[in-house]
Amino acid sequence: RRYESTVLVRTEIIFENTIVDDVAAAHKFYYQHKKELEHYKLLQIKGDQSVLHHLQYSIILAGERDLVIEVSTRKSTNGTFLFIRDVEHPDVLVPPHVQRIGFWFSAHLKQEDNNVRQISFEYFDSISNLFLGFDETKVIANYQLLVQT
């Protein structure tokens, strides 16, 4: 299923004692630290606003999945916008035994005193996340990993 046919989820997180630029940078390079990836490659850094990654997962009972994503940020007077989406890249062809998946995530990061408020939206595919073993504990662990990067 394409992500457009799944549920759009809103999340709000407060990152304490940090600044917007650090949270945005952590999002850009977060995928380098994900241990459950079968394969990872940093494809390209486009200045200070955009990073391309190639990720490959092996999902029990579902086979191999891959994803090429672009993580980009744009500063505005009201904060920083973060956008993560699937893209195509000429150096990453889909092998015959692998299924390319889609992904879409957007967030607004705003400094509030010593903290950063992140309001994000992403499409949530419950079927895919059941294969990945989705639960709220893993979501929290993912954001803890983000903070550690």
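Residues numbered from 1 in each chain as written. Predicted model: local features only at pLDDT ≥ 70, side-chain atom pairs only at ≥ 80, totals over all residues. Heavy atoms only, no water.

Caption draft 1: The overall build of the protein, seen in detail. The helix and strand inventory of the protein stands at 3 helices and 8 strands. If you list the helices and strands of the protein from N to C, you get β-α-β-β-β-β-β-β-β-α-α. Counting all 149 residues of the protein, 38% fall into the buried class. Counting every atom, the protein has about 9100 Å² of accessible surface; 54% of that belongs to carbon and sulfur. (Helix = DSSP H or I, 4+ residues; strand = E, 2+ residues; numbered from the N terminus. Buried < 20%, exposed > 50% of the residue type's maximum accessible area, 1.4 Å probe, protein only. Areas by Shrake-Rupley, 256 points an atom, 1.4 Å probe, with all protein chains shown as cover.)

Caption draft 2: Broad picture of the nonpolar core. Formed by 13 residues in total, the largest nonpolar core has its most connected members in Tyr 31, Leu 55, Ile 69, Val 71 and Ile 84. For this core, the secondary structure elements donating two or more residues are β3 (50-59), β4 (63-76), β5 (79-86) and β7 (104-112). In this structure Ile 84 touches His 27, Tyr 31, Ile 69, Glu 70, Val 71, Phe 103, Trp 104 and Phe 105, once residues within four positions along its chain are discounted. Counting 7 residues, the second largest nonpolar core, distinct from the first, contains Phe 15, Val 20, Leu 109 and Val 116. (Core = buried A, V, L, I, M, F, W, Y, C linked by side-chain atoms within 4.5 Å. Contact = heavy atoms within 4.5 Å.)

Caption draft 3: How the structure looks around unusual backbone geometry. The phi dihedral of Asn 17 falls on the positive side, at around 55°, and the residue is not glycine. Structurally, the position occupied by Asn 17 is in the loop between β1 (7-15) and α1 (20-29). You can call Asn 17 exposed: its relative accessible area is 64%. Positive phi values are uncommon outside glycine, yet Asp 113 reaches one of about 60°. For Asp 113, the location among the structural elements is in the loop between β7 and β8 (115-124). Among the residues examined, Asp 113 registers a relative accessible area of 75% and is labelled exposed.

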